[in-house]
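Take a look at the letters that make up each chain.
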Amino acid sequence: MRRILTIAQLTFLEARRRKIVPAVLGCGALFLLVYGVALHFVAAKLLEENAPFLQRTAVYQIITLAGLYVANFLTIAVAVLLPVDTLSGEISSGVMQTVASKPLHRAEIVLGKWLAFLAMSAAYFAFTAGGVLLILRVTADHVQPHMPVALSLMFLGAILMMSISLAGGARLSTVSNAIVAFAFYGIAFIGGWIEQIGTMTASHSARNIGTVISLVSPVDSLWRRAAVEMSPGLTGLQFSPFGASNVPSNAMIVWAVAFTAVALALAVQAFRRRPL
């Protein structure tokens, strides 16, 4: 365990040297600034019109979902890009040959990097999603219900994508890995919409195709389940990015956890077999 933590620490130092942390924090801060300014004007307008409590609550819930949708996307992007070249890039540069020559198992290298990226992704998710919720609390005095479950599902999606990116880096070049990782996210997005459209049109074939695609890449299902958990009383959002006409089941969540574990195991196995 000590050697895994050492690799994690070295990964943190490498991220700081490459100025990754200031870059991602800057992007997150810009998003929160824009979100906060927009919310300020919306809240002021509702106050000026003396809007009823239920109307204000519905508006703030939709704005919350919109903000967390962006926070979820940014976190997934960071979770994919952080490890995208950590193995392939270090192999190409010759750094990995030096690290692997130490008395370390290759599995410890992969697990140490995974742990470091997990911590960095968690910190970024807390910054963006927590910033959205804090802005809502301060600006609009709105507290979104059922957040622990929803945030856990969203972060599981980020961990899943991070594990896929790390596994790809053990076998593919940096550019190829980035393409494959974002393709997984794109496939999930399209699969979710096919499933929703199939439900809306009562097309069982389309819905089943969407479900199969979601099994191949379940990250969009995790977001839709999180959105439903956050807004169980809102109607009219089923066929938007903020709802689900066919709510992902608990089995899909279990599958996402298993998918993440398999991706991490594949990363370890592929790195063991890759020549340096």
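Use the structure listed above.
How each quantity is defined
- Residues numbered from 1 in each chain as written.
- Predicted model: local features only at pLDDT ≥ 70, side-chain atom pairs only at ≥ 80, totals over all residues.
- Heavy atoms only, no water.
- Helix = DSSP H or I, 4+ residues; strand = E, 2+ residues; numbered from the N terminus.
- Buried < 20%, exposed > 50% of the residue type's maximum accessible area, 1.4 Å probe, protein only.
- Contact = heavy atoms within 4.5 Å.
- Core = buried A, V, L, I, M, F, W, Y, C linked by side-chain atoms within 4.5 Å.
- Salt bridge = Lys/Arg side-chain N within 4 Å of Asp/Glu carboxyl O.
- Axes fitted to C-alpha atoms, helices over the stretch in contact; angles between N-to-C directions.
- Left-handed = near helix turned anticlockwise from the far one by under 90°.
- Nonpolar A, V, L, I, M, F, W, Y, C, P; charged D, E, K, R; others polar.
- Phe/Tyr/Trp six-rings, centres within 6.5 Å; stacked < 30°, edge-to-face > 60°.
- Parallel < 35°, antiparallel > 145°, perpendicular 65-115°, else oblique.
- Patch = residues over 30% accessible without salt bridge, like charges linked within 9 Å, V, L, I, M, F, W, Y side chains within 5 Å.
- Areas by Shrake-Rupley, 256 points an atom, 1.4 Å probe, with all protein chains shown as cover.
- Expected span 1.5 Å × (residues − 1).
- Arc of directions from axis to C-beta.

A. Spotlight on the overall build of the chain. Check the secondary structure of the chain and you find 11 helices and zero strands. Going residue by residue from the N terminus, the α and β elements of the chain occur as α-α-α-α-α-α-α-α-α-α-α. Per-residue burial over the chain gives 46% buried out of 276 residues. Within the chain, counting contacts between residues at least 6 apart in sequence, those at least 24 apart form 80% of the total.

B. Just the nonpolar core, in detail. Grouped together as the largest cluster of nonpolar side chains are 71 residues, with contacts concentrated most on Tyr-35, Leu-68, Met-161 and Met-230. Those elements that provide at least two residues to this core are helix H1 (2–17), helix H2 (20–48), helix H3 (53–81), helix H6 (106–140), helix H7 (147–169), helix H8 (174–200), helix H10 (219–230) and helix H11 (250–273). Sort the elements by how many residues they give to this core and H6 lands first, with 15 residues. When neighbours within four sequence positions are excluded, Leu-68 is seen to be in contact with Ala-129, Val-132, Leu-133, Met-147, Met-154, Trp-223 and Met-230.

C. The arrangement of the pattern of salt bridges in detail. Counting across every chain of the model gives four salt bridges. Between Lys-45 and Glu-49 there is a salt bridge, and its shortest N-O distance comes to 3.6 Å. Of the residues examined, Lys-45 reaches a relative accessible area of 42% and is grouped as partly exposed. For Glu-49, a relative accessible area of 48% puts it in the partly exposed group. Residue Asp-220 is joined to Arg-224 by a salt bridge in which the shortest nitrogen-to-oxygen separation is 3.0 Å. Of this pair, Asp-220 and Arg-224 both sit in helix H10, four residues apart, which is roughly one turn of that helix. Residue Asp-220 shares its accessibility class with Arg-224, and that shared class is buried.

D. View of the packing of H6 against H7. Contact geometry of H6 with H7 gives a least axis separation of 10 Å together with a crossing angle of 140°. In this structure, H6 meets H7 at a crossing whose hand is right-handed. On the side of H6, the interface is formed by Val-110, Trp-114, Phe-117, Leu-118, Ser-121, Ala-122, Phe-125, Ala-129 and Leu-133, while H7 contributes Met-147, Leu-151, Met-154, Phe-155, Ile-159, Met-162, Ser-163 and Leu-166. A class-by-class count of the residues in the contact of H6 with H7 yields 15 nonpolar, two polar and no charged.

E. The arrangement of the packing of aromatic side chains in detail. Summed over the entire model, instances satisfying the criterion amount to five aromatic pairs. Ring geometry for Tyr-69 versus Trp-223: centroids 5.4 Å apart, planes at 65°, classification edge-to-face. With a gap of 154 residues between them, Tyr-69 in helix H3 and Trp-223 in helix H10 connect regions that are remote in the sequence. Given a relative accessible area of 23%, Tyr-69 falls into the partly exposed group. Given a relative accessible area of 3%, Trp-223 falls into the buried group. Measuring from centroid to centroid gives 6.0 Å for Phe-73 and Tyr-185, while their planes differ by 55°, and the two rings are tilted. Of this pair, Phe-73 sits in helix H3 while Tyr-185 sits in helix H8, placing them 112 residues apart in sequence.

F. Region of the structure containing the packing of H6 against H11. Between H6 and H11, whose axes approach to 9 Å, the crossing angle comes to 135°. Judged by the angle between their axes, H6 and H11 are oblique. Note on packing geometry: the crossing formed by H6 with H11 is right-handed. Of the residues in H11, those touching H6 at Arg-106, Ala-107, Ile-109, Val-110, Leu-111 and Trp-114 are Leu-264, Ala-267, Val-268, Phe-271, Arg-272 and Arg-273. Its residues placed into classes, the contact of H6 with H11 shows nine nonpolar, no polar and three charged.

G. Geometry of the environment of Val-180. Mapping Val-180 onto the fold places it in helix H8. Taking the relative accessible area as the measure of exposure, Val-180 reaches 34% and is therefore partly exposed. Sequence spacing of Val-180 and Ile-164 is 16 residues, and the spatial spacing of their C-alpha atoms is 8.9 Å.

H. Just a nonpolar patch on the surface, in detail. A cluster of nonpolar residues, Leu-30, Leu-33, Val-34, Val-37 and Phe-41, forms a patch on the protein surface that exposes about 510 Å² of accessible area. Note that Leu-33 resides in helix H2.

I. Focus on helix H9 (residues 204–216). In a regular helix each residue adds 1.5 Å, so 13 residues correspond to 18 Å; H9 covers 18 Å between its end C-alpha atoms and thus fits that length. Of the residues making up H9, those classed as buried are Ala-206, Gly-210 and Ser-214. Take H9 and look down its axis: the buried residues cluster within an arc of 80°, on one side only. In H9, the exposed positions that point more than 90 degrees away from the buried face belong to His-204 and Ser-205. Those residues of H9 that are buried lie in contact with H8, H10 and H11.

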